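Coordinates in review
Now for the letters of each chain:
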Amino acid sequence: MSKISTITGFADLFPPESGLFSFMEGKAREVFGSYGYNELRVPILEHTELFARSIGAETDVVQKEMYTFPDRKGRSLTMRPEATAGMMRACIEKGGQEGISKYFSYGPMFRYERPQKGRMRQFHQIDCECLGAHEPQADAEVVLMLMHFLGELGLNELELQINTLGCKACRPAYRELLTKFLQGIDHEQLCEDCKRRVQSNPLRVLDCKASTCKALTENAPTMQEHVCPDCQSHFNTVMGVLEKASQPFVLNHRLVRGLDYYMRTTFEVVSTNIGAQSSVAGGGRYDGLVSQLGGPDLPGIGFACGMERLALLMQKESAPEQDFYLAVLEAEALDTALLLACSLRRAGKKGEVSFAARSAKSQLRQAGKSGARYCLILGGNEYAKGSILVKDMTSGEQHEVMQEELIKSVK
RNA sequence: GCGGAUGUAGCUCAGUUGGCAGAGCACCUGGUUGUGGCCCAGGUGGCCGUGGGUUCAAAUCCCAUCAUUCGCCCCA
């Protein structure tokens, strides 16, 4: 029979990575919970229109990266490529969103891209969304919370980048200004993609990685210089709070997020140690999104962290030590050994028991590898007496005790 | 969607000009009647990614294909 393997870009998570994921999820619950965030679990499958309307029909994500297919009644469904849209949909549907609501979520996302280091077709994100706050302090809190969370994961060497994208009032004018600038420079030297972007999405030219494009746009007008007074003051307050909190950051005028719903504050956390896919978290403000999805006119701000990318940066923990390894030397003692091991576990001890009787040498080897503090040896002699040998794996000393007493002693 | 690299033992990888399929680690057994780590001896384990082609002969050369991986792009 031929083997069946995983789908390209889909990965099985074994230890130690699976342990890192659990650790991150636990820390998320703990840290975000302390900021008043509660967990929201939403479906993985949604109506395609949800993503087209929120992320933007013209974005790469929607145009060529979604897992979209018709269900049995012909409705177009899509496996979520990101979490924000679904979480917004859920909040709108539930209704009653008075005041501020804060939710976090985590789980798999799906994008049909070419896999590489730090990029899978099924990948995992931790998401936080804060609805109902338009104040710049909310932006600052979200950013500080993200950095707090990353710090709790042991990641302190990351760079925080921030930018402002302006709002409905000032972005169109800036866009026009930038387009004029781009038309003024030597058009032919731009890369093929950017030649198109001048028309379709001029802001994206600023984010191009090609060195020639970077050089050509060196003196391009920045969004920050051309935002309206409201946006300027909003952004100044955000930066001010970050400074008062001693949170280092760098202004990145080229930080243009790829999802259309972002406005005003955007931010990204990058690492130089994980290859080309350097962004480990990103987010921003999305005040128009909720109403765009048919809900009330609520402001929102949030972010997503890429768990695979964070895992690349985190130290892999070694296997947890165990309290005992129960070695069985005679087949007749196997059942007794199993029951004994279960009693010890119910008393709170961690350990394994051999399922087959084998030589003392091979079992001691096994015990050594398991990292067990004690090797419990049950051979023919002990079995007959109802006793067991307890060997300290560190000192090598051993003594014989009755099985009943062993159980009592650990309770 | 585009480009580069790589597919040989469970793992990491050698394999010369086309000529018997290899090493280290891991695993198992023994050296020690029932005592681990170190050491020694022996052993298990392979459709050489898959399918075609060239050849007396292919892991090796050619074509195709699949997979993995690193980039481009995009994004977390």
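Here is a short report on the structure shown in this document. (Residues numbered from 1 in each chain as written. Chains lettered and ligands numbered in written order. Predicted model: local features only at pLDDT ≥ 70, side-chain atom pairs only at ≥ 80, totals over all residues. Heavy atoms only, no water.)

Scanning chain A from N- to C-terminus turns up 17 helices and 16 strands. Projected onto its principal axes, the C-alpha coordinates of chain A cover approximately 95 × 55 × 45 Å. With 411 residues in all, chain A has 49% of them scored as buried. Of the contacts made within chain A by residues no fewer than 6 positions apart, 69% connect residues no fewer than 24 positions apart. Mean positive and mean negative side-chain charge positions of chain A (48 and 51 charges, respectively) differ by 4 Å. (Helix = DSSP H or I, 4+ residues; strand = E, 2+ residues; numbered from the N terminus. Buried < 20%, exposed > 50% of the residue type's maximum accessible area, 1.4 Å probe, protein only. Contact = heavy atoms within 4.5 Å. Lys, Arg positive; Asp, Glu negative; His and termini not counted. Charge placed at Lys NZ, Arg CZ, Asp CG, Glu CD.)

Moving on: the packing of aromatic side chains. For any pair of aromatic rings, geometry is given as the distance between the ring centres together with the angle between the planes. Within the structure shown, the criterion is met by nine aromatic pairs. Seen in terms of ring centroids, Y67 and Y112 are 5.6 Å apart; in terms of plane orientation they differ by 65°. Their pairing is edge-to-face. Highlighted residues: Y67 in strand β3 (residues 67-70) and Y112 in the loop between β5 (101-110) and β6 (122-131), separated in sequence by 45 residues. Using a relative accessible area of 18% as the deciding quantity, one classes Y67 as buried. Grouping aromatic residues by their ring pairs yields a cluster made of F32, F104, F149, F267 and F303. Directly above the ring of Y112 sits R121, whose terminal nitrogen or CZ lies 3.8 Å from the centroid. Stacked on the ring of Y374, the Lys or Arg R373 has its end atom at 5.1 Å from the ring centre. (Phe/Tyr/Trp six-rings, centres within 6.5 Å; stacked < 30°, edge-to-face > 60°. Lys NZ or Arg CZ within 6 Å of the ring centre and 35° of its normal.)

Across a sheet, strands are paired by hydrogen bonds formed along the backbone, either parallel or antiparallel in direction. Across the sheet, five strands lie side by side as β13-β12-β14-β15-β16; this open sheet has mixed pairing. Every interior strand has two partners, whereas the edge strands, β13 (351-353) and β16 (398-402), have only one. When strand polarity is set aside, the average angle formed by the axes of neighbouring strands in this sheet is 20°. With four bridges joining them, strand β14 (residues 374-378) and strand β15 (residues 387-392) adopt antiparallel strand pairing. Bridge pairing in β15 links C375 to K391. Running at roughly 165° to strand β12 (residues 324-328), helix α15 (residues 360-370) makes contact with β12, β14 and β15 of the sheet. Strand contacts of helix α17 (residues 403-410): β14, β15 and β16, with the helix running at about 100° to β16, the strand carrying the most contacts. (Pairing = 2+ DSSP bridges. Axes fitted to C-alpha atoms, helices over the stretch in contact; angles between N-to-C directions.)

Examined against the element boundaries, E382 turns out to sit in helix α16 (residues 380-385). Although buried, E382 forms no salt bridge, and the nearest oppositely charged side chain, K385, lies 6.3 Å from it. A polar contact is formed between the side chain of E382 and the backbone nitrogen of G379, at a distance of 2.9 Å. Not counting residues up to four positions away in its chain, the partners in contact with E382 are I377, S387, I388, L389, E400 and Q403. (Salt bridge = Lys/Arg side-chain N within 4 Å of Asp/Glu carboxyl O. Polar contact = N/O pair within 3.5 Å; in protein donor to acceptor, adjacent residues only side chain to side chain.)

Another aspect to go through is the nonpolar core. Ranked by size, the top nonpolar core spans 42 residues in total, and within it M24, F32 and F149 carry the most contacts. Here this core gets eight residues from one element, more than from any other, and that element is helix α5 (residues 136-152). Not counting chain neighbours up to four residues away, the residues in contact with M24 comprise I126, F149, L153, M307, L310, A311 and M314. Counting residues in hydrophobic clusters, the runner-up holds 27 residues, among them L40, I55, M109 and V290. (Core = buried A, V, L, I, M, F, W, Y, C linked by side-chain atoms within 4.5 Å.)

Another point: the sheet that holds strand β2 (residues 45-47). Pairing in this open sheet of three strands is antiparallel, and the strands run β2-β4-β3 from one edge to the other. Edge strands, defined here as strands with exactly one partner in the open sheet, are β2 and β3. Sheet twist, expressed as the mean angle between neighbouring strand axes with direction ignored, is 35°. As paired elements, β2 and strand β4 (residues 76-79) share three bridges and run antiparallel to each other. Residue L45 lies in a different strand from β4, and its bridge partner there is M79. On top of the sheet, helix α2 (residues 48-55) reaches β2, β3 and β4; it is set at about 75° to β2, its chief contact.

Let's shift gears to the side chain of S370. With respect to the helices and strands, the residue S370 is situated in helix α15. Here the side chain of S370 touches A367 through a polar contact of 2.8 Å, landing on its backbone oxygen. Setting aside chain neighbours within four positions, we find S370 in contact with Q322 and Y325.

This paragraph deals with the layout of surface pockets. Space inside the second largest pocket adds up to approximately 270 Å³. A11, L13, E17, F21 and E308 are the residues nearest the centre of the second largest pocket, which is lined by 15 residues in total. Counting residues per element, the ones that place at least two in the lining of the second largest pocket are α1 (17-33), β6 and α13 (307-313). In terms of residue count, the dominant contributor to the lining of the second largest pocket is α13 (three residues). Residues of the lining of the second largest pocket, tallied by class, amount to seven nonpolar, three polar and five charged. (1 Å grid on protein atoms, 1.4 Å probe; cavity = no way out; pocket = protein on both sides within 12 Å on 5 of 7 lines; lining within 4 Å. Points joined across faces, edges and corners; volume = space filled by probe spheres on them. Nonpolar A, V, L, I, M, F, W, Y, C, P; charged D, E, K, R; others polar.)

Another aspect to go through is helix α4 (residues 84-94). Listed in full, the buried residues belonging to α4 are T84, A85, G86, M87, M88, A90 and C91. In this fold, the buried residues of α4 make contact with β2, α2, β5, β6 and α12 (289-292). G95 sits one or two positions beyond α4 and adopts a positive phi of about 75°.

Let us now look at unusual backbone geometry. P16 follows P15 through a cis peptide bond whose omega is 5°. At R264, a position not held by glycine, the phi torsion is positive, near 50°. Mapped onto the fold, R264 is located in strand β9 (residues 263-270). Residue classification places R264 among the buried residues on the basis of a relative accessible area of 15%.

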